[in-house]
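# Secondary and tertiary structure notes
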Amino acid sequence: MYIHQRQIYFKDTDAAGVVYFANALSICHESYEAALRDFGVDVREFFSDRGGYAVPIVHAEIDFYQPVFCGDRLVIQVLPEQRSLYSFQINYQIFANCEADLVAQDIQLNAKQKPCAKAITQHVCISTSDRRKTELPDQLTQWLANYSPTD
Ligand SMILES: CC(C)(COP(=O)(O)OP(=O)(O)OC[C@H]1O[C@@H](n2cnc3c(N)ncnc32)[C@H](O)[C@@H]1OP(=O)(O)O)[C@@H](O)C(=O)NCCC(=O)NCCSC(=O)c1cc(O)c2ccccc2c1O
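Residues numbered from 1 in each chain as written. Predicted model: local features only at pLDDT ≥ 70, side-chain atom pairs only at ≥ 80, totals over all residues. Heavy atoms only, no water.

## Section: the pairing of strand β6 (residues 117-124)
Going by this rule: Buried residues are those whose accessible area, probed at 1.4 Å on protein chains only, stays under 20% of the maximum for their type, while exposed residues exceed 50% and partly exposed ones sit between those limits. Numbering of helices and strands starts at the N terminus; helices are DSSP runs of H or I of at least 4 residues and strands are runs of E of at least 2. In this analysis, strands are considered paired if DSSP registers two or more bridges between them.
Counting buried positions over the eight residues of β6 gives six, a clear majority of the element. Note: strand β3 (residues 57-64) against β6, seven bridges, orientation antiparallel. Pairing of E61 across the sheet is with I120, part of β6. Relative to β6, strand β5 (residues 87-96) is paired through eight bridges, and the arrangement is antiparallel.

Given below as structure tokens:
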């Protein structure tokens, strides 16, 4: 599991004063990028086509349980899981204004610790030359093993 913390800014919100739904997925992707960076992945290279592969998102879904407002401090739990030699899924839980330590321990003690949103992204590794699926590179399988849930 990786924990990312981020404040909500005015630019993240819509006319109703809550985080715009698409921005919530964007914040999930920011958390993924932070998890890659903190593991030592060169994100500038990872998101370019210089390595000969890309890992586009083929599926994304999100459930919203409580609104998130400007000034809220988010704690985002990032839980990646390898699905096959070619693909992986990331489960995200977004909490607001709670202790990061509790989220890191996966403790949901009371209503305050219930997630505001839960999201999933599914990623497939493809070769940039022919856009056909190709095996996940070693660095990514190591990243997945490092942050995947342990039984
Ligand atoms: C990715 C594709 C080229 C796959 O094509 P196709 O489906 O024909 O391939 P396969 O049949 O061989 O399937 C491969 C593999 O994918 C799984 N899959 C395919 N579709 C889905 C789906 N909708 N939901 C779930 N899973 C799906 C399938 O089950 C197979 O899995 P296995 O594990 O069983 O092998 C093609 O689908 C494609 O090009 N899609 C468009 C992708 C796209 O444009 N997405 C938009 C956003 S891109 C993006 O957000 C993005 C994010 C990043 O973090 C990146 C990081 C690094 C580089 C680029 C990034 C990026 O672009």
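This is not the end of the story, as more comes after the structure.
## Some details on the packing of aromatic side chains
Put simply, the rule reads: Pairing of aromatic side chains here covers Phe, Tyr and the six-membered ring of Trp, requires ring centres within 6.5 Å, and sorts the geometry by plane angle: under 30 degrees stacked, over 60 edge-to-face, intermediate tilted. Charge-over-ring placement is defined geometrically: NZ (Lys) or CZ (Arg) within 6 Å of the ring centre, and within 35 degrees of the ring normal.
Under the criterion given, the structure shown has eleven aromatic pairs. Seen in terms of ring centroids, F46 and F47 are 4.9 Å apart; in terms of plane orientation they differ by 85 degrees. Their pairing is edge-to-face. Three or more aromatic residues link up through ring pairs in this structure, and these residues are Y2, Y32, F39, F46, F47, Y53, F88, W143 and Y147. Stacked on the ring of Y86, the Lys or Arg K133 has its end atom at 4.3 Å from the ring centre.

## A look at the nonpolar core
Going by this rule: Definition used in this section: a nonpolar core is a set of buried Ala, Val, Leu, Ile, Met, Phe, Trp, Tyr and Cys residues joined via side-chain atoms within 4.5 Å.
In terms of nonpolar packing, the biggest core is built from 33 residues, with Y32, F46, L74, F88, Y92, L140 and W143 touching the most fellow members. The set of elements that each furnish at least two residues to this core consists of α1 (21-39), β4 (73-82), β5, β6 and α4 (138-147). Ranked by size, the runner-up nonpolar core spans five residues in total, among them V75, F95, C98 and V103.

## Observations concerning the site of the ligand
As a reminder, the rule being used: The rule for a residue being near a molecule or strand is that one of its heavy atoms must lie within 4 Å of it. The definition of a polar contact used here is a pair of N or O atoms within 3.5 Å, where within protein one atom must be able to donate a hydrogen and the other to accept one, and adjacent residues in sequence count solely through side-chain atom pairs.
As a matter of local geometry, the ligand sits amid 19 residues, with H29, I57, S84, S87 and Q122 nearest to it. Within the side chain of H29, a nitrogen or oxygen atom sits 2.6 Å from an oxygen atom of the ligand. Separating an oxygen atom of the ligand from a side-chain N or O atom of K133 is a distance of 3.0 Å. Of all elements in the fold, only α1, β3 and β6 reach the threshold of two or more residues within the shell around the ligand.

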